[in-house]
Amino acid sequence: MRGGLALLREVFDAIHPPANLPAVLGNPTIKSKLQTLRRNRVLTYPEWDCLYNPPSGAYGKSSDFDVTLLCKLLREICNLTPSTGWDNLPNSTDHSREADVVRVKFYRNTIYGHNHRMEITNADFEKLWMEISEALLRIADRISRAKRDEWKKSIENLFRDPLTPDAKEYVSELRLRYKKDLETKDEIEKLIEKVDQNACELEEIKLLLLQTSLQNRPKAIDFWDVVCAFKKTLEMLLEYLKTKLGVVVQGFRQGSLIITVSCSSLEVLEALWKDYRRGHLNEVVQDTLVTAEVLKEINLSEVKLMTIISEDE
């Protein structure tokens, strides 16, 4: 947009130099023609004021004209006549000055002025960048070779460099946030899957506990049979392992009560090991499994449990 606007102003200034523009606008024939355009609403009142009632003086300056007004002036008082008209995109083989001016106007309207979505695909961007760049460079080349080289360098820098000094930092931050969002999404999906898995495992354990409590126990009372008969206590221990330490209970069997768990991360593993090393895990096992009901059932006043996690394993 800025490049096209600047070059259109240079095209206009080449036809009507800024020093001569007041005389051109003051010419009765040209002013009458522009007044007719205003009455017919081809020129808007803000455009008319930009030409004849600017804040800076009696007549406007091309540096204040936008793309739309410049194209109207190039058509009406500069006698430019594109072969395909002012509203249609010229043929790709037409490289005349008029055709390139129309290209600037056309792309300005279709990409920016009348594009309500304000977005284009990457493929369209590459194509449009090439077509607009070539049109601007041809316009600049007609002014001078040095002007073309200047614009070629500017276009290359614009394509490569950040739009603002902070843009590079913002892009890096956006990429980092995007990466974190993807990682968070993956973790949430894994957690949802794990929660569903844990729910199924808990139901299986509850069913197993219920079955154990209903089975005929041997005549010799076994401590673990008694513990399993009071299924709530074992559920509390398993719940502690799951919710407080974050491990996944894979199963258990009796004899000694052997509980197999898995750790979803190094942090979970370290938390389990720390809880075990400081003796807290054994306290939880003791408090949850050795209840008054269990002691009464096996007719003992005290039972001491030892919790062991093999460091090698």
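Report on the accompanying structure. Positions within a chain are numbered from 1, following the residues in the order the chain's sequence is written. Selection of residues for local features in this predicted model requires a pLDDT of at least 70, selection of side-chain atom pairs for listing and counting requires 80 or more, and totals for whole chains, interfaces and linings are taken over all residues. Hydrogens and water are ignored here; the side-chain numbers use all heavy atoms of the structure.

### Regarding the overall build of the protein
Next up, step 1: Each helix and strand counted, the protein has 14 helices and two strands in total.
Next up, step 2: For this measure, only C-alpha atoms enter the radius of gyration; the expected value for a globule follows 2.2 Å times N^0.38, where N is the number of residues. Its C-alpha atoms give the protein a radius of gyration of 41 Å, clearly above 20 Å, the size a compact globule of 313 residues would have.
Next up, step 3: In terms of overall dimensions, the protein has a C-alpha envelope of 120 × 40 × 40 Å along the principal axes.
Next up, step 4: Only protein chains enter the calculation, and the probe is 1.4 Å; a residue is then buried if its accessible area is under 20% of its type maximum, exposed if over 50%, and partly exposed in between. When the 313 residues of the protein are sorted by exposure, 34% land in the buried category.
Next up, step 5: Nonlocal contacts in the protein, meaning residues at least 24 apart in sequence, comprise 55% of its contacts between residues at least 6 apart. Helix and strand definitions here come from DSSP, where helices need a minimum of 4 consecutive H or I residues and strands a minimum of 2 consecutive E residues; each element is numbered from the N-terminal end. Note on contacts: a residue pair is in contact if any heavy atoms of the two residues lie within 4.5 Å.

### Comments concerning a negative patch on the surface
Next up, step 1: A cluster of acidic side chains, namely Glu 183, Asp 186, Glu 187 and Glu 189, defines a negative patch on the protein surface.
Next up, step 2: Within the secondary structure, Glu 189 sits in helix H9 (residues 167-214).
Next up, step 3: A relative accessible area of 44% places Glu 189 in the partly exposed class. Surface patches are drawn from residues lacking salt bridges whose relative accessible area is over 30%; two like charges belong together within 9 Å, two nonpolar side chains (Val, Leu, Ile, Met, Phe, Trp, Tyr) within 5 Å. Here the open area of atoms and residues is found with the Shrake-Rupley method and a 1.4 Å probe, where only the protein chains shown may cover a residue. Basic side-chain nitrogens of Lys or Arg form a salt bridge, by our definition, when they fall within 4 Å of a carboxyl oxygen of Asp or Glu. Asp and Glu are treated as the negative residues and Lys and Arg as the positive ones, with His and the ends of the chain left uncounted. The location of each charge is read from NZ of Lys, CZ of Arg, CG of Asp or CD of Glu.

### Here we look at the packing of aromatic side chains
Next up, step 1: Two rings from Phe, Tyr or Trp (for Trp, the six-membered ring) form a pair when their centres are within 6.5 Å of each other. A pair whose planes differ by under 30 degrees is stacked, one over 60 is edge-to-face, and the rest are tilted. Within this structure, the stated rule accounts for seven aromatic pairs.
Next up, step 2: Relative to Tyr 52, the ring of Trp 48 lies with its centre 4.4 Å away and its plane at 35 degrees, an arrangement referred to as tilted. Here Trp 48 pairs with Tyr 52, and both are found in helix H4 (residues 45-52), just four residues apart, close to one helical turn. Residues Trp 48 and Tyr 52 agree in their burial class; the two are buried.

### Considering the environment of Glu 239
Next up, step 1: One can find Glu 239 in helix H11 (residues 231-244).
Next up, step 2: Taking the relative accessible area as the measure of exposure, Glu 239 reaches 33% and is therefore partly exposed.
Next up, step 3: When sequence neighbours within four positions are dropped, the list of residues in contact with Glu 239 reads Leu 202 and Lys 244.

### Remarks on the pattern of salt bridges
Next up, step 1: The full count for this structure, using the stated rule, is 14 salt bridges.
Next up, step 2: Salt bridges sharing partners connect three or more residues here, namely Asp 100, Arg 103, Arg 138 and Arg 142.

### Structural notes on the side chain of Arg 103
Next up, step 1: Its place among the elements puts Arg 103 in helix H6 (residues 97-113).
Next up, step 2: A residue is classified by how much of its surface remains accessible, and Arg 103, at 6% relative accessible area, is buried.
Next up, step 3: For the purposes of these results, a polar contact is taken to be a pair of N or O atoms within 3.5 Å, where, inside protein, one atom must be able to donate a hydrogen and its partner to accept one; residues adjacent in sequence count only when each atom of the pair is a side-chain atom. Within the structure, Arg 103 has its side chain in polar contact with the backbone oxygen of Asp 94 (distance 2.8 Å).
Next up, step 4: In contact with Arg 103, other than residues within four places in its own chain, are Leu 89, Pro 90, Asn 91, Ser 92, Asp 94, His 95, Ala 135 and Arg 138.

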